Amino acid sequence: MTVHNLYIFDRNGNCLYYNEWNRKKQAGISKEEEYKLMYGMLFSIRSFVSKMSPLDMKDGFLSFHTSKYRLHYYETPSGLKFVMNTDLSVSNARETLQHIYSNLYVEYIVKNPVCVLGQSLDSELFSSRLDAFIRALPYYSPRAA
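Quantities reported herein were computed from a predicted structural model and do not represent experimental measurements.

Colleague: Looking at this model, I keep getting lost on the pattern of salt bridges. Mind explaining?
Modeller: Any two side chains of opposite charge can pair, given that their charged atoms come close. Evaluated as defined, the whole model comprises seven salt bridges. For Glu75, the salt bridge identified is with Arg46, shortest N-O distance 3.2 Å. Within this pair, whereas Glu75 is found in strand S4 (residues 70-75), its partner Arg46 is found in helix H1 (residues 31-52), the two being separated by 29 residues in sequence. Judged by its relative accessible area of 32%, Arg46 is partly exposed. Of the charged contacts, one joins Lys81 and Glu75 as a salt bridge, the two residues approaching to 3.5 Å between their closest N and O atoms. Each of the salt bridges in this network shares a partner with another, and the network as a whole consists of Glu20, Lys31 and Glu34.

Colleague: Sorry, what's going on with the packing of helix H2 (residues 94-110) against helix H3 (residues 124-136) here?
Modeller: How two helices sit against one another is set out by the angle between their axes and by the gap between those axes. Interhelical geometry of H2 versus H3 gives an angle of 155 degrees and a closest axis separation of 10 Å. The orientation of H2 with respect to H3, classified from their angle, is roughly antiparallel. For the crossing formed where H2 meets H3, the hand is right-handed. Contacts between H2 and H3 involve Thr96, His99, Ile100, Leu104, Tyr105, Tyr108 and Ile109 on the former and, on the latter, Leu125, Phe126, Arg129, Leu130, Phe133 and Ile134. Residues of the contact of H2 with H3, tallied by class, amount to ten nonpolar, two polar and one charged.

Colleague: How should I be thinking about the nonpolar core in this particular structure?
Modeller: Nonpolar side chains tend toward joint burial in soluble globular proteins. Among the nonpolar cores identified, the biggest contains 28 residues, and Phe82, Met84, Ile100, Phe126, Leu130 and Ile134 are the most heavily contacted of them. If you list the elements that add at least two residues to this core, you get strand S1 (3-9), strand S2 (15-20), strand S5 (81-86), H2 and H3. Looking at this core element by element, the count peaks at eight residues for H2. Within the second largest apolar cluster, twelve residues are counted, among which are Phe9, Cys15, Tyr18 and Val83.

Colleague: When you look at the pairing of S5 in this model, what are you seeing that I'm missing?
Modeller: Where a strand is regular, its side chains alternate between the two sheet faces. In terms of burial, S5 is largely enclosed, as six of its six residues are buried. Covered by surrounding structure in S5 are Lys81, Val83 and Asn85 together with Phe82, Met84 and Thr86, the residues of both alternating faces. Of the pairings in the sheet, the one linking S1 to S5 comprises six bridges and is antiparallel in character. If you follow Ile8 over to S5, its bridge partner there is Phe82. Two strands pair when backbone bridges link them, and S4 and S5 are joined in this way by six bridges, in the antiparallel orientation. Within S5, the residue paired with Tyr74 across the bridge is Phe82.

Quick notes on the rules
- Residues numbered from 1 in each chain as written.
- Predicted model: local features only at pLDDT ≥ 70, side-chain atom pairs only at ≥ 80, totals over all residues.
- Heavy atoms only, no water.
- Salt bridge = Lys/Arg side-chain N within 4 Å of Asp/Glu carboxyl O.
- Helix = DSSP H or I, 4+ residues; strand = E, 2+ residues; numbered from the N terminus.
- Buried < 20%, exposed > 50% of the residue type's maximum accessible area, 1.4 Å probe, protein only.
- Axes fitted to C-alpha atoms, helices over the stretch in contact; angles between N-to-C directions.
- Parallel < 35°, antiparallel > 145°, perpendicular 65-115°, else oblique.
- Left-handed = near helix turned anticlockwise from the far one by under 90°.
- Contact = heavy atoms within 4.5 Å.
- Nonpolar A, V, L, I, M, F, W, Y, C, P; charged D, E, K, R; others polar.
- Core = buried A, V, L, I, M, F, W, Y, C linked by side-chain atoms within 4.5 Å.
- Pairing = 2+ DSSP bridges.

Shown next, in the form of structure tokens:
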């Protein structure tokens, strides 16, 4: 069980934050291109889900999985998008993403007068607290494949 990486996007698709923990394979493209591809994929999946759903889903798109990983998604009311990739054994990381938003992002970014909202998150305090939180998760394992 493990966490591979985490993206935070603003409502316009700009990647505000990225970190990886147990990512074994690199994409072979620049990080900026990877961010654009990830956001484009999220935009397409959300659009597809909203059009195909027989009900007006309150939560919408929450996650999807491939044969190798599971992508977990959480969107805030303000349009921030939190995306975490884990291995397949992690069935639901929604509470984890909500915790990252409400207890880490709000506390160390929104309430920090030095941080400018809508710009890249360069807070060392946020990064260190997030890293400690991820490493303390029950499904985090530094040796996982």
